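Remarks on the overall topology
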Amino acid sequence: MFRSYLKIAWRNLRKQKVFAVVNIVGMSTALCAALLLSLTAYREWTYDNFHENGKDIYQLLGKENEGTRIKTGSSMALPLADAIKKEIPGVKYTTFIADDHLPVRYGTNHYYLGTQMVDKDFLQMFTFPLLKGNKQLALQQLNQVVLTHASAISLFKDEEPVGKTIEVNLGGKWQPFVVSGVAADIPDNSTLAFQLLIRLENMPEYASTKNEWNASNFPLFIQLEAGVSRVVFEKNAALLLKKYYKGKIEDLEKVAGPAGKGKDLFWLKTLPLKDFHLDPEGQYNSGLNKFYPWLMLILAALITSIACINFINLSIARSFGRSGEIGLRKSLGAQDRQLLIQFWAEAFLLCCCALFLAAFGMVLLLPYYNQAFGHNVGLSILRNVKVIAVGVSVFFVITLLAGGYPAWKVARLNIVQVLKGKLKLSKSSGVRNSLIIVQFIVAVVLISCTFIIWQQLRFIQMAPLGYNATQVISIPLDNAPSTAIAAMRNRLAEFPEVKNVTGSMLNLGLGKDGSSGNWTRGFSYKDGHITTQCLVVDYDYASTLDLKLVSGRDFSRNYGTDSTAVVINESMAKQLGVADPVGTTFSMGDDGPVHVIGVVKDYHYESLRKKIEPLVMTMKEPSALYYIFVKVETRNPIATLQRISTVWKGLNPLAENEASFLDENTQRLYVQEKRFSKIFFTGAILAVIISAMGLFAIAVLVTAYREKEVGIRKVLGASTGGLVLLLSKDFLRLVLAAIVIATPAAWYFMRRWLQNFEFHIAIHWWVFVITGLLAVVIAFATVSLQSVKAALANPVNSLRSE
């Protein structure tokens, strides 16, 4: 019987080619977009789910209550790991993880490998199976390293890697290490990614910081025993902090004042492994918001729902031409259930065709989708039986929603009415009007969000950063010794376009090496606790970046005492609470006293999402310099960049990462926002197109229903313009209602999104006015196509039967 229904459905669809093509195109487009978006959401949510101990693994975050705000730190002091493991029950493993890119050589083969410097428990905590070697023994010795399968092939070709000695460049020195294991290649949905594992103790600065409690060095991870609650661990950790951070807590009590009385001022928070990828507080956050996967699913649902509404409206409009068929079937004894199944079978057949085209389009568009939106979605996800089962279930529900309602509506029609050949469907159908309003609410919200995101991106591009970003080139040192800065300065002295050369511990923005970070330090000063960002710089840092000196001076080669001097920013000066901070002396941790020689105007050394924190610049540790900054004045920046890069390659043949201008670096900080903009823009276009198709279908329905009314009005002298307005005004009212509902919703969502930025635009009323006018124009243009046709039709044709 069902096969018979499908045959009849296919025959009917062949007779209504235009109807079938419009429905299939609209539905397939929506399903293709929904499939891509849903696969993206699924991939984001399945990060790190392959770790066998994942439910017991956490990253530790430090929380400090300063009374007016709570600060979060993702790096911990090195001695904290041993203290936790020895003094807190239920802790099975601990490990620090320090990411780096290190030069590695074996014979004549030289490579840069993505490296993680870890503790010996790393392979016991995380599930990275070894193809060769024993994970229990692989990192027990300081001279042992583990390679991934791909990196082992690159280095050794067909040789057996285990037991071979390779050399790793650490701090500018080549050191021998023995390969103790080969790990399987890392899954692409892992937040932890490496090509080489090496013990953390091999870091050049490890010996000087291993007992330093006041320094925050690297992210710390723990694995709890099975059944141990993270809440219990956090309570025990609070007691441990009171033991080892007594002075810091006392300082925080002074800073917080009455607002911090009776509250925890310094504590540890555990971040579960499943949140590493999307939690902004985590060390391995991908730059995506937690809401991002949900946004993908919401957009998929909205676009699909608009297509379903369009499908419903077209199906009802098409039923006008089938009134005789419906009446005949009912008069011959067809039951409502049989008519419902027949019409649903047609909808199911259309949806199956649309799904086939959508799947084909998804495979075809997937590479372009990944490239355009910065994703890495693959079809391997479809091997998961659960994913397929959910997809089939959702598709079946869609066919019921899209085809079920029109079928149910038609099956319930009165036989007397349908035998007259006309379907008396009210022009003021509440369901139909609600569907139109929903369509345009979605369209208006997406268009409004696109406008506001674009404004914020433009604000980011135009906002003054407080330093020269357009004429300064950033070069990663790539493990070259800090003396390379002086060599670079000497080599570039003959370049007339080069004005200054300096060095820095941290990059500005996000360079092509993908590295970013900060160095937070806390210390007591007078009766309070000071928390500040620290930055090691070289001579000429302020002049190279065109930082504005508010008072005092910059570091100078003419003063031998500048090795114990610091330059601070305005925010740090305010925190010190000194009217003229130049000459002020303080000590940071166990270091000796330093004195302030200058104050620079606040500048955005981090993204505009964050407010400008206190900053201390020092020259005390020149070995901590990792970037060269070159200030240039040139009319051909690309050629200048290439010349400087060539010089650098000559000085450092092992250099891997390319140089870039600082304005490029700053723009890389906002990949997420650009991705949001593209997604909203694409979603808005799809929503508008499909909504317009649905509105056109309703216009066809209503004008067909009012055909005689239009004919009578035209005979009585109504003008074409008046008739067009008459037929359009009901639709425009619905669009206006959608605008009224969508505007506060869009304002609320965008206001919440802008709160992620410390510096952001204000939402202007005219954005919603423009969006509303655009929606009205689109709706009027769509409806007018059918309204004008009806108004110009010969009234004789519609009135000949009267």
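Just so it is clear, the model here is predicted, and its values are computed rather than measured.

When the terminal C-alpha atoms of helix α7 (residues 230–244) are compared, their 21 Å separation across 15 residues agrees well with the 21 Å that a helix rising 1.5 Å per residue should span. Phe233, Ala237, Ala238, Leu240 and Leu241 are the residues of α7 that are buried. Between the side-chain oxygen at the start of α7 and the backbone nitrogen of Val231 there is a gap of 3.1 Å, and the oxygen is on Ser229.

The sheet built from 4 strands is open, its strands ordered β13-β21-β12-β22 with antiparallel pairing. Each edge of the sheet is formed by a strand with only one pairing partner; in this case those strands are β13 (498–504) and β22 (660–661). With respect to the sheet, helix α15 (residues 483–492) is in contact with β12 (472–476), β13 and β21 (627–632), its orientation differing from that of β13 by roughly 175°.

The next thing to look at is the nonpolar core. Formed by 84 residues in total, the largest nonpolar core has its most connected members in Met27, Met296 and Tyr369. Looking at which element gives the most residues to this core, the answer is helix α14 (residues 430–462), with 15 residues. Those residues within four positions of Tyr369 in sequence are excluded, and the remaining contacts are Leu36, Leu37, Thr40, Met296, Gly374, His375 and Val377. Counting residues in each nonpolar core, the second largest holds 66 residues, with Val536, Val600, Ala624 and Val647 among its members.

Once that is clear, we can look at the pairing of β13. Looking down a regular strand, the side chains alternate between one sheet face and the other. Counting buried residues along β13, 6 of its 7 residues qualify, which places the element largely inside the surrounding structure. Of the pairings in the sheet, the one linking β13 to β21 comprises 6 bridges and is antiparallel in character. Note that in β21 the partner of Gly503 across the bridge is Ile628.

The predicted coordinates of low-pLDDT regions are not to be read in fine detail. For the chain, the mean per-residue pLDDT works out to 81, and 82% of the residues sit at or above 70. Highest mean pLDDT in the chain belongs to strand β9 (residues 196–199) (94); lowest belongs to helix α24 (residues 795–799) (54).

Enumeration over the complete set of coordinates arrives at 18 aromatic pairs. The interplanar angle of 70° and the centroid separation of 4.9 Å between the aromatic rings of Trp45 and Trp294 together place this pair among those described as edge-to-face. Of this pair, Trp45 sits in helix α2 (residues 17–45) while Trp294 sits in helix α9 (residues 292–318); the two residues are 249 residues apart in sequence, bridging distant segments of the chain. Residues Phe122 and Phe128 carry aromatic rings whose centres are separated by 5.9 Å and whose planes lie at 10° to one another, so their mutual orientation is stacked. With a relative accessible area of 0%, Phe122 lands in the buried category. The buried category is assigned to Phe128, whose relative accessible area is 4%. A cation sits over an aromatic face here: Lys248 above Phe266, 4.3 Å from the ring centre.

Each value, and the rule that gives it
- Residues numbered from 1 in each chain as written.
- Predicted model: local features only at pLDDT ≥ 70, side-chain atom pairs only at ≥ 80, totals over all residues.
- Heavy atoms only, no water.
- Helix = DSSP H or I, 4+ residues; strand = E, 2+ residues; numbered from the N terminus.
- Expected span 1.5 Å × (residues − 1).
- Buried < 20%, exposed > 50% of the residue type's maximum accessible area, 1.4 Å probe, protein only.
- Polar contact = N/O pair within 3.5 Å; in protein donor to acceptor, adjacent residues only side chain to side chain.
- Pairing = 2+ DSSP bridges.
- Contact = heavy atoms within 4.5 Å.
- Axes fitted to C-alpha atoms, helices over the stretch in contact; angles between N-to-C directions.
- Core = buried A, V, L, I, M, F, W, Y, C linked by side-chain atoms within 4.5 Å.
- pLDDT = per-residue confidence, 0-100.
- Phe/Tyr/Trp six-rings, centres within 6.5 Å; stacked < 30°, edge-to-face > 60°.
- Lys NZ or Arg CZ within 6 Å of the ring centre and 35° of its normal.

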